[in-house]
Amino acid sequence: MKNTSYSNVGISRFSLIIVILCFLLLGVGFPQSPTISGRVEDAKTGAGLPGVNIQIQGSSFGTTSDLDGFYQLSGLNPGEYTLSFSMMGYAPYNERNVAVALNIPVQLSVQLKSNVLASPQVVVTSSRKAQDILESPFSVATIGPREIQAKAVVNMVDILSYESGVSTIKGQLNIRGTSGYTMGAGTRSLLLLDGIPMLGSAAGNVTWATIPTSEVDRVEIVKSGGSAMYGSSAMGGVVNIITRNAPHKPETRISTKVGVYSHPRVDEWRWRDSRGLLYNTEISHSRSIGNHAAWIRIQKRSDDGFMELNWEEALNISAKLKLNFGSAHSAAVFVNVLDDKSGLTSVWKSSASPFEAPDGSKKDRTEGRKIVLNGHYNYVYSQDMAIKTKLSGYWNGWDGYGADPYYSRENRFYEEVQASKSWSSTFSSLLGITMQQNGVDAQIFGDHNSSSLASFLLLEKKLHQFTLSAGSRWETYRVDGHSQDQVFTPQLALNWKPTAWLGLRISTGQGFRVPTVAEMFTSARRSIFTIEPNPDLVSETSMNREFGMTLLAGQMGMLDLLKLDAAIFHNRFENFIEPIPDSEAVIHFRNIADARIMGLELGLGLSAFNNLIDYKSAFTVLDPVETNADGDIIDTLSYRHRYHWISSMGIHYWGLDASIEYRYLSRMESVELFDENMMTGADARVPVHVWNAGIGRWHKDWHFVLRVENVFQYYYTQLERNIEEERIMTFSVERRF
Amino acid sequence: MRFALTLTAVLLFAMISCEEADSLEAIAGVGGTVTFTSWSDSLEGAVIVIFDKNLDFERIDEPTYKVIDYFITYSDPISLGTSAVNYFIQLEPGEYQLMVIGLLVDPGQLLANEEMFNEIQNYIVIPENSAPRGIVIREKQINEQTDWYVQF
């Protein structure tokens, strides 16, 4: 085994220096650039509104209000501006002729009225710029800070599983069935943190624990192919997690969450004497210092897990600095350091003991350290032109202990420069270059490196109620110094917004994904199966088409707000990469002939009786099939649920916020490793029916949340011989100072 | 308020009116420990196999006797040289025969290759000291088989 310690990765010191430098910069006296700050309140209650989108019309400036409704816009040029305030469920409001000058901060507080006919929601991911959701060329779902806070989740994946068309298997994202389950060796859904890719360099996997959930401002899920804008791994969609900026006033939060796992409902499955426990404690502090702002968060987590070897211990420190230099320059630095230990098992002991680990693997565990260092630098060259630069470093080192020790060291560096220009009030362009370098040295992959260079261009033209956008991306990949692929992926989209409350969209585009190092070079054993390398894998490509509509309306009788979403999508893949076992029990990642995933998605969201009740429901139906070159159906793609339904209802009364959620996934029709044995009932697959319930209350600066996940202790598997979630009851308390 | 209650009831009904839940539940089967007192060098591994109660053990070596017709299921493969193994095999209620067989080829290869598996009698070795055990499986119960020593 290679004896590489974490310190040898050589980044702890580097990241520490960067952090210290950034903190030192806070103390340096920069000229006071013009700022506009204030609070956005509910006109009826006077309560601060979190998540309000504040945009300066005709420019690249924009921000979002914090949880108390405060906002700050800085880095402005002296001049007169029009500010737009918008939020779901509230009337948009424009403040015109706001004059700003050097060294004179402007205070501007506004009140928004609820119960409106229409209100836009601004998203930033689908076109790499701030955009009304009704004008988005692709289906986009958003999760706001209120929803994240109400669920008091520790792990973002617990929230994403309750979004329309999104499912997860062992932490692997699956948007509209594109990824299935690839044994953790590749994904077709790209995860971004503040617009920067966060997938592991070897397997394209996601380490969810590096996402500081309590510091997340909002999440945007783009559900159609994003390759033209974001490249490989985005062919099935993009999840962009956007962290908050520090609020205007200093704030300290202390929160603790305690959870108790239930004993299995089936007595024969009980495997421990006392109930498993979960503890999560977080302390965060945020403040503004002059024009700058910062938050730092420390999280300690200890989780016994719902099953043996599902335990986890973690210490996570994250910080974000938002720096404003002068009148046109701003920057942000995000750092996350995660030390974690966890149990590790790939299958249960048996169907008679599904919560226990197999004999001989009881001590299997991993220990690792992951470091994320992201930097943004924005330069507003003029009112019409802005340049954004992104830099990122990611280091991940971990060792596996137990029956079969192993190690992995990987790093990833990402650089991006993007220039946006408004040529006129109806025509804009966006041009960018990205580079990425990956390195991995792992026992099951070997020592490999890969790199990519890409350029992308997006042109957008508005014609009355129509917005036409055309984009393309050219990208070249190298693996171990050899050219792997060169790809050109165009996309074309048309949006029609005939009224203030309706948007229709149609789009088509190509996508691609280069095979990951893990798919090409993994050499390992899983149960009776052996995984062998296949360095001859070639890139998979796709042709995505989508037609959809979004309706946002309010103040219709008893309804405060109504949102309807509908989309029809058709994705055709060539050289689709899937793990396929052969007759010798050897699994290779192979380019199967072709595949096709088409489907329909319907969503309904409403709020009624002066926000007494809110209801959200979404239904997705998929037809995921493997086809031959002629388009004839050969088989159903494995690890996909054909039907997906999520539903939630909230009641807000007497200061309490009560909610119930339901998630249904139809029985998986096809798996790869262990098929159902009809003679014995072994490896049975069942549909998923999971209910959650919660109740929360704010009392002055205190927030209490009581939740129960998997209320009815419904047991199911998604991945063969891996039982999923046991019931857990959690109680969270947060105090803000 | 009446409207609110009505709407709440309708929405709740919409949420629970899906198909009947089908959670995984307690299962039936056979389990226990097998101790291997010796291994033959000619073997690649072993596996515990469940046969139909009507398998005629006396004819198992006949080339024309289709052993596969009586095959029900098997355990996870047992590696060569293993001294003892805990096993569990899920079964529907009924009567079966349980036996350990040595494998002359890699267990993974045999169990994944349908052609080889259909001619399983060509790739197996019967233990010297262990005859098939007749077992009865009852609803949601585990049949415990102990004191099982096997010599190849």
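What comes next concerns the included structure. Everything numeric in this text was worked out from a predicted model, so none of it was measured.

### Comments concerning the overall build of chain A
Consideration 1: Of the regular secondary structure elements, chain A holds 6 helices and 44 strands.
Consideration 2: In summary, chain A has a C-alpha radius of gyration of 25 Å against a globular reference of 27 Å for 737 residues, a match within 12%.
Consideration 3: Along the first, second and third principal axes, the C-alpha atoms of chain A reach 75 × 55 × 55 Å.
Consideration 4: Counting every position in chain A, which comprises 737 residues, the buried fraction comes to 60%.
Consideration 5: A sequence separation of at least 24 residues applies to 63% of the contacts in chain A between residues at least 6 apart.
Consideration 6: Taken as a whole, chain A presents about 28,000 Å² of accessible surface, with 58% of it coming from carbon and sulfur.

### Section: the overall build of chain B
Consideration 1: A count of helices and strands for chain B gives 3 helices and 9 strands.
Consideration 2: Order of helices (α) and strands (β) in chain B, N terminus to C terminus: α-β-β-β-β-β-β-α-α-β-β-β.
Consideration 3: Counting across all 152 residues of chain B, residues that qualify as buried make up 45%.
Consideration 4: Surface accessibility of chain B: about 8,000 Å² in total, with carbon and sulfur atoms responsible for 47%.

### Observations regarding the packing of aromatic side chains
All names here are of chain A.
Consideration 1: Within this structure, the stated rule accounts for 28 aromatic pairs over all chains.
Consideration 2: Measuring from ring centre to ring centre gives 5.6 Å for Phe466 and Trp496, while their planes differ by 10°; the resulting arrangement is stacked. With Phe466 in strand 28 (residues 466–479) and Trp496 in strand 29 (residues 482–499), this residue pair connects regions lying 30 residues apart in the sequence.
Consideration 3: Accessibility expressed as a relative area gives 34% for Phe466, which makes it partly exposed.
Consideration 4: The partly exposed category is assigned to Trp496, whose relative accessible area is 35%.
Consideration 5: Residues Trp691 and Phe712 carry aromatic rings whose centres are separated by 6.2 Å and whose planes lie at 80° to one another, so their mutual orientation is edge-to-face. With Trp691 in strand 42 (residues 688–699) and Phe712 in the loop between strand 43 (702–709) and strand 44 (728–736), this pair connects stretches of sequence that are 21 residues apart.
Consideration 6: Relative accessible area serves as the criterion here: at 15%, Trp691 is assigned to the buried category.
Consideration 7: Ring-pair connections join several aromatic residues into one group, and the members of that group are Trp269, Phe306, Phe355 and Tyr715.
Consideration 8: If you follow Arg188 out to its NZ or CZ, it ends over the ring of Phe576, 3.9 Å from the centre.

### Examining the sheet that holds strand 17 (residues 238–243) of chain A
Residues and elements named next belong to chain A.
Consideration 1: Spatially, 11-16-17-14-15 is the arrangement adopted by the 5 strands of the open sheet, whose pairing is mixed. Looking at the sheet topology across the chains shown, the edges are occupied by strand 11 (140–143) and strand 15 (196–197).
Consideration 2: Here 6 bridges tie strand 16 (residues 216–222) to strand 17, and the two strands are oriented antiparallel to one another. Opposite Val216, over in strand 17, you have Thr243 as the bridge partner.

### Some words on the nonpolar core
Residue and element names in this part refer to chain A.
Consideration 1: Residues Leu160, Leu191, Trp208, Val219, Ile221, Val239 and Ile241 are the most contacted members of the largest nonpolar core, which totals 46 residues.
Consideration 2: Those residues in contact with Leu160 that sit more than four places away from it in its chain are Ile143, Val166, Leu173, Trp208, Val219, Ile221 and Val239.
Consideration 3: Counting 27 residues, the second largest nonpolar core, distinct from the first, contains Val440, Val517, Ile577 and Met668.

### Re the interface of chain B and chain A
Consideration 1: Taken together, the contacts link 35 residues of chain B with 44 residues of chain A.
Consideration 2: For the pair chain B and chain A, the summed buried area comes to about 3,300 Å², and 67% of that belongs to carbon and sulfur atoms.
Consideration 3: Summed over the shared surface of chain B and chain A, the result is 2 salt bridges.
Consideration 4: In this structure, the connection of chain B to chain A is made through 9 residue pairs in polar contact (both at pLDDT 80 or more).
Consideration 5: Elements with a contribution of two residues or more to the side of chain B that touches chain A: helix 1 (2–16), strand 3 (71–74), strand 5 (84–90) and helix 2 (107–112) of chain B.
Consideration 6: It is helix 1 of chain B that provides the largest number of residues to the side of chain B that touches chain A, a total of 9 residues.
Consideration 7: Its residues assigned to classes, the side of chain B that touches chain A comprises 20 nonpolar, 8 polar and 7 charged.

### Regarding the environment of Arg272 of chain A
Residue and element names in this part refer to chain A.
Consideration 1: Residue placement: Arg272 occurs in the loop between strand 18 (251–261) and strand 19 (277–289).
Consideration 2: Arg272 sits 358 residues away from Asp630 along the chain, and the two C-alpha atoms are 54 Å apart.
Consideration 3: Beyond its immediate chain neighbours, meaning those up to four positions away, Arg272 contacts Tyr261, His263, Asp304, Gly305 and Phe306.
Consideration 4: Reaching out from Arg272, the side chain makes a polar contact with the backbone oxygen of Gly305 at a distance of 2.8 Å.

### Quick notes on the pattern of salt bridges
All names here are of chain A.
Consideration 1: If you walk through the whole model with that rule in mind, you get 44 salt bridges over all chains.
Consideration 2: Close ionic contact of Asp194 with Lys320 constitutes a salt bridge, the shortest N to O distance being 3.9 Å. With Asp194 in the loop between strand 14 (190–193) and strand 15 and Lys320 in strand 21 (residues 312–325), this pair connects stretches of sequence that are 126 residues apart.
Consideration 3: Of the charged contacts in the structure, one is a salt bridge between Lys390 and Glu416, with a shortest N-O distance of 3.5 Å. Taken together, the positions of Lys390 in strand 24 (residues 385–401) and Glu416 in strand 25 (residues 406–422) put the pair 26 residues apart, joining distant regions of the chain. For the pair formed by Lys390 and Glu416, the shared burial category is buried.

### Some points on the environment of Ile120 of chain B
Residue and element names in this part refer to chain B.
Consideration 1: Turning to its location among the elements, Ile120 is positioned in the loop between helix 3 (114–118) and strand 7 (124–125).
Consideration 2: Judged by its relative accessible area of 3%, Ile120 falls in the buried class.
Consideration 3: The sequence separation of Ile120 and Phe71 amounts to 49 residues, and the corresponding C-alpha distance is 9.6 Å.
Consideration 4: Look past the residues within four positions of Ile120 in its chain and what remains in contact with it is Val67, Ile68, Ile101 and Leu110.

### Brief notes about the side chain of Asn710 of chain A
Residues and elements named next belong to chain A.
Consideration 1: With respect to the helices and strands, Asn710 occurs in the loop between strand 43 and strand 44.
Consideration 2: Overall, Asn710 belongs to the buried group, its relative accessible area being 0%.
Consideration 3: Only 3.0 Å separates the side chain of Asn710 from the backbone nitrogen of Tyr714, close enough to count as a polar contact.
Consideration 4: Aside from chain neighbours lying at most four places away, what touches Asn710 is Val690, Trp691, Asn692, Glu725, Glu726 and Arg727.

### So, the pairing of strand 2 (residues 53–56) of chain A
Residue and element names in this part refer to chain A.
Consideration 1: Here strand 2 shows no split at all, with Asn53 and Gln55 on one side and Ile54 and Ile56 on the other all buried.
Consideration 2: With 3 bridges joining them, strand 2 and strand 3 (residues 62–64) adopt antiparallel strand pairing. Bridge pairing in strand 3 places Ile54 opposite Thr63.
Consideration 3: As paired elements, strand 2 and strand 5 (residues 79–86) share 4 bridges and run antiparallel to each other. What sits directly across from Ile54, in strand 5, is Phe85.

### Thoughts on unusual backbone geometry
All names here are of chain A.
Consideration 1: Positive phi values are uncommon outside glycine, yet Asn575 reaches one of about 60°.
Consideration 2: Judged by its relative accessible area of 32%, Asn575 is partly exposed.
Consideration 3: At Tyr639, a residue that is not glycine, the phi angle is positive and equals roughly 60°.
Consideration 4: With respect to the helices and strands, the residue Tyr639 is situated in the loop between strand 39 (633–636) and strand 40 (643–653).
Consideration 5: Taking the relative accessible area as the measure of exposure, Tyr639 reaches 1% and is therefore buried.

### Examining the sheet that holds strand 5 of chain B
Residues and elements named next belong to chain B.
Consideration 1: Taken together, 3 strands build an open sheet; the order of strands is 5-1-9 and the sheet is mixed. Two strands in the sheet have a free side with no partner beyond their single neighbour: strand 5 and strand 9 (142–151). Across the sheet, the axes of successive neighbouring strands diverge by a mean angle of 20°, strand direction being ignored.
Consideration 2: Sheet topology places strand 1 (residues 29–38) next to strand 5; 7 bridges connect them, and they run antiparallel. Looking across to strand 5, one finds that Thr35 is bridged to Ala84.

Parameters at a glance
- Residues numbered from 1 in each chain as written.
- Chains lettered and ligands numbered in written order.
- Predicted model: local features only at pLDDT ≥ 70, side-chain atom pairs only at ≥ 80, totals over all residues.
- Heavy atoms only, no water.
- Helix = DSSP H or I, 4+ residues; strand = E, 2+ residues; numbered from the N terminus.
- Rg over C-alpha atoms; globule rule 2.2 N^0.38 Å.
- Buried < 20%, exposed > 50% of the residue type's maximum accessible area, 1.4 Å probe, protein only.
- Contact = heavy atoms within 4.5 Å.
- Areas by Shrake-Rupley, 256 points an atom, 1.4 Å probe, with all protein chains shown as cover.
- Phe/Tyr/Trp six-rings, centres within 6.5 Å; stacked < 30°, edge-to-face > 60°.
- Lys NZ or Arg CZ within 6 Å of the ring centre and 35° of its normal.
- Pairing = 2+ DSSP bridges.
- Core = buried A, V, L, I, M, F, W, Y, C linked by side-chain atoms within 4.5 Å.
- Buried area = accessible area lost by both parts, 1.4 Å probe.
- Salt bridge = Lys/Arg side-chain N within 4 Å of Asp/Glu carboxyl O.
- Polar contact = N/O pair within 3.5 Å; in protein donor to acceptor, adjacent residues only side chain to side chain.
- Nonpolar A, V, L, I, M, F, W, Y, C, P; charged D, E, K, R; others polar.
- Axes fitted to C-alpha atoms, helices over the stretch in contact; angles between N-to-C directions.

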